[in-house]
Every structure is written in structure tokens, then in C-alpha cells.
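Listed below, chain by chain, are the residues.
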Amino acid sequence: MLLINSGANRMSTQAPQARSEQTMVALEIGLLLLLSLIWGSSFTLIKVAIPTIPPFTMVAARVAIAAILLALISAAQGHSLPRQGQVWTAFFVQGLLQSALPFTLISWGEIHIASGLAGVLNATPPMFVLLIAMTTERGRRMIRGQKILGVGLGLAGVAVTMGVDALSGIGTAPALAQLAVLGASLCYALAPIWGQRFSKLPAIVTAAGAMSSAAIVMLPAAAILEQPWRLAPTAQAIAAVLGLAIVCTAIAMVIYFRLIHTLGPLGTTSGSYLRAGFAVALGIALLGERFTWSILGGMVLIVVGVVAVTMPPPKRHVDTGKAGPLEPRRRN
């Protein structure tokens, strides 16, 4: 009887714990959807701004405004930015990988190649995360068929959503432009792996530090290359840049640094698939672009792939509390 009672007690405590874990996973996937929607909308805002605000100036304004806003929010919440030079060196690398380099590479690359091809090439960060993980012993142990299948399904979904025509430029478009967009994807793959080192800092502090570092790089570059004080941007372009800075950068970065420590680098970068899908959907809804059934089929593949990547696998090993390149850290 005692054995039966003890077994029943364990089952009664395990059930609420399982429900709690499922609720947390659902919350993080919901935040990933929100982040992907926010970043997917950035393509529309960039289209509005780019005619009168050139790329370097746009990126500089975007990260500078976001840095100021994030620093103010951090101070209002009682957080102070770190003063250690080592931490700011890490922020500088994070700002380069997450914002300054990829924003610039994509902007330059899209001058020379079609946006559809750029969209497919820019959906490859999860592939890079897998390749990086395979170079480490812990990463090889953590790779499972579920995640590999999810990465493949997501990439196939992006290709189907964008359409076969989006791939037609491969091999014919300027090689340096293709490499630039792929370089941006590599930056997006490295950024969450590097960002795991900030697990002891609040997400708002990490975001403020990274964006401040990116602004330090981009403001002089914009001043030298584009002389923004001579520009005459339209009101719509200014509004678009404010949207990019406040929503697509400041708010998005807080969500992003949270997801790095909950879903892990691979789960977070899987949002690049969703971002491509949302960009197409918003183009249909807001810009009158054509809907096809292949778009719907591709988005289904994207969702299935993201679920496969982000859902935790069955527990088959003893948790050491350390996260590898593919594994999210446990939240206490």
C-alpha cells in the first residue's frame, strides 16, 4: 500500500511539472512568433525608408535610437550598464554580429541581387548553427534527427514560399553579393552563440550594451560615407525609421536575448524561417502582392520545421546545467 501511495504521489507531482514545462515552451514559441513577425515587418519599413534615407544612415539611426531607448528603460528598471572593459568588448562583438555587420551586408547585397534570392540566402542561419555545432564534441552529441529534419523542412518551406524563381539567380547573380548575404546569415548564426555569455545579465542590459556598441560603429560610418545632414527624408521615411528603431530593434532585441537562453541558438535562429514567411504574408496583406497556394504550403512547412527545432527532445541524458551550441539553458 505504501508503494502504491508513493507512486501516486510522484505521479501527482510530475503532472503539474509537465504542464508547467509545456506552458513555458508554448510561451517561448509564442515569443519566437512575435519576434519573427516584428523582424518580418522590417522589410516593409525598409522599403518605405530607403528612397530618401540611404542604408548606412538608416542603420545608424536605427541602432542609435534603439540604444538610447534601451538604456533609458534599463535605468528606469534600476539596472546600470556594466563598467568592465571585458564586458564592453563582448558587447562590441555582439553588436557587430547582430546588427552592424549583417544590416550593412544585406543592404549592399540587395543592390546587386533579387530580393527573393536574398530572402532564401538569408534564411540559412540554422544551417550554420548546425555546422558550427558539429565542430564540437558536445554539439555532435546534442544533434538529433528531429532538429536536422526541422532545419531541412524550414529551409524547404522558405524556398517554396519564396518560389522557384527566387532561386534562379544562384550562380548568375554577382558572387560577392551572394557571399555578402550569406555572410550576414553567418553573423546571425554566430550572434546567439556568442550571446550565451551574457546569461547573468538582464536581457534589457545586454540589448542596451550591444546596440550602443553597434551605434558607436555605425554613426561615424554614416557620417563619412553618406553625410546624413544633407539628406531630405520624407515624413513617411522618418516614421519608418522610428518603427525600425523602436519596434524592430529595441523591443525585438529584448525578446531576442531572452530566447537565446530559453530556446537556445538553434531555436532562436529558426525564427529566420518564420521571418521570411511573415515578410511574404505582409507583402500580400499590405502591398497587394500575389497569393499562391505554394505560399500557403511553404508556410506550413516552415511552421512544422520550427516546431521540430524548438520542441525539446525526450530526456535521455543527465542535465549538467551547461548549454551547448544547440541546447538552451535551463531557466531557474
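Structure: above.
Residues numbered from 1 in each chain as written. Predicted model: local features only at pLDDT ≥ 70, side-chain atom pairs only at ≥ 80, totals over all residues. Heavy atoms only, no water.

**Some remarks on unusual backbone geometry**
Condition: Buried means the residue's accessible area, taken with a 1.4 Å probe over protein chains only, is under 20% of the maximum for its type, while exposed means over 50%, and partly exposed covers the values in between.
Despite not being glycine, Gln227 shows a phi value in the positive range, around 45°. The class for Gln227 is partly exposed, based on a relative accessible area of 30%.

**With respect to the packing of helix 2 (residues 55–76) against helix 9 (residues 203–226)**
To describe two helices that pack against each other, one gives the angle between their axes and the distance between the axes. Inclusion rule: For helices, the fitted line uses only the C-alpha atoms of the stretch in contact; every axis is such a line through C-alpha atoms, and the angle between N-to-C directions lies from 0 to 180 degrees. To qualify as a helix, a DSSP run of H or I must reach at least 4 residues; to qualify as a strand, a run of E must reach at least 2; elements of each kind are numbered from the N terminus. Note on angle classes: values under 35 degrees are labelled roughly parallel, values over 145 roughly antiparallel, values of 65 to 115 roughly perpendicular, and the remainder oblique. In this scheme, a crossing is called left-handed if the near helix is turned counterclockwise away from the far one by less than a right angle; it is called right-handed if the turn is clockwise. Residue type decides the class: Asp, Glu, Lys and Arg count as charged, Ala, Val, Leu, Ile, Met, Phe, Trp, Tyr, Cys and Pro as nonpolar, and the leftover types, Gly among them, as polar.
Between helix 2 and helix 9, the least distance of the axes is 7 Å, while the angle of their chain directions is 150°. In terms of orientation, helix 2 and helix 9 fall into the roughly antiparallel class. Along this stretch, helix 2 crosses helix 9, giving a crossing that reads as left-handed. Class assignment for the residues of the contact of helix 2 with helix 9 results in 23 nonpolar, three polar and one charged.

**Quick word on the pattern of salt bridges**
Side chains that carry opposite charge are capable of pairing whenever their charged atoms lie near each other. Spelled out, the test is: Put simply, a salt bridge is a Lys or Arg side-chain nitrogen that is within 4 Å of an Asp or Glu carboxyl oxygen.
Counted by the stated rule, this structure contains one salt bridge. We note a salt bridge from Arg258 to Glu28, for which the minimum N-O separation is 2.6 Å. Here Arg258, found in helix 10 (residues 235–262), pairs with Glu28, found in helix 1 (residues 2–49); they are 230 residues apart in sequence, far enough to count as distant.

**Concerning the packing of aromatic side chains**
Using the following cut-off: We call Phe, Tyr and Trp rings a pair once their centres come within 6.5 Å, taking the six-membered ring for Trp, and we label the pair stacked below 30 degrees between planes, edge-to-face above 60, and tilted otherwise.
Taken as a whole, this structure holds four aromatic pairs when the rule is applied. Judged by centre distance (5.2 Å) and plane angle (85°), the rings of Trp88 and Phe91 are edge-to-face. Residue Trp88 and its partner Phe91 are both found in helix 3 (residues 85–112); the two are separated by three residues, about one turn of the helix. Among the residues examined, Trp88 registers a relative accessible area of 25% and is labelled partly exposed. Measuring from ring centre to ring centre gives 5.1 Å for Tyr256 and Phe257, while their planes differ by 75°; the resulting arrangement is edge-to-face.

**Section: helix 9**
Which entries qualify depends on this criterion: In a helix, the anticipated span is given by 1.5 Å times the number of residues less one.
Compared with the 34 Å implied by 1.5 Å per residue over 24 residues, the 33 Å span of helix 9 between its first and last C-alpha is a close match. Positioned one or two residues after helix 9, Gln227 has a phi angle of 45°, which is positive.

**Observations concerning helix 2**
For helix 2, with 22 residues, the first-to-last C-alpha span of 32 Å sits near the 32 Å given by 1.5 Å per residue. Those residues of helix 2 that fall on the buried side of the exposure criterion are Thr57, Met58, Val59, Ala60, Arg62, Val63, Ala64, Ala66, Ala67, Leu70 and Ser74. Just past helix 2, the residue Gly78 takes up positive phi, approximately 90°.

**Details of the environment of Val59**
Going by this rule: Only heavy atoms enter the contact rule, under which two residues are in contact if any of them lie within 4.5 Å.
Following the sequence through the fold, Val59 ends up in helix 2. Residue classification places Val59 among the buried positions, given a relative accessible area of 6%. Residues Val59 and Ser107, spaced 48 residues apart in sequence, show a C-alpha to C-alpha distance of 9.4 Å. In contact with Val59, not counting residues within four places along its chain, are Phe103 and Met218.

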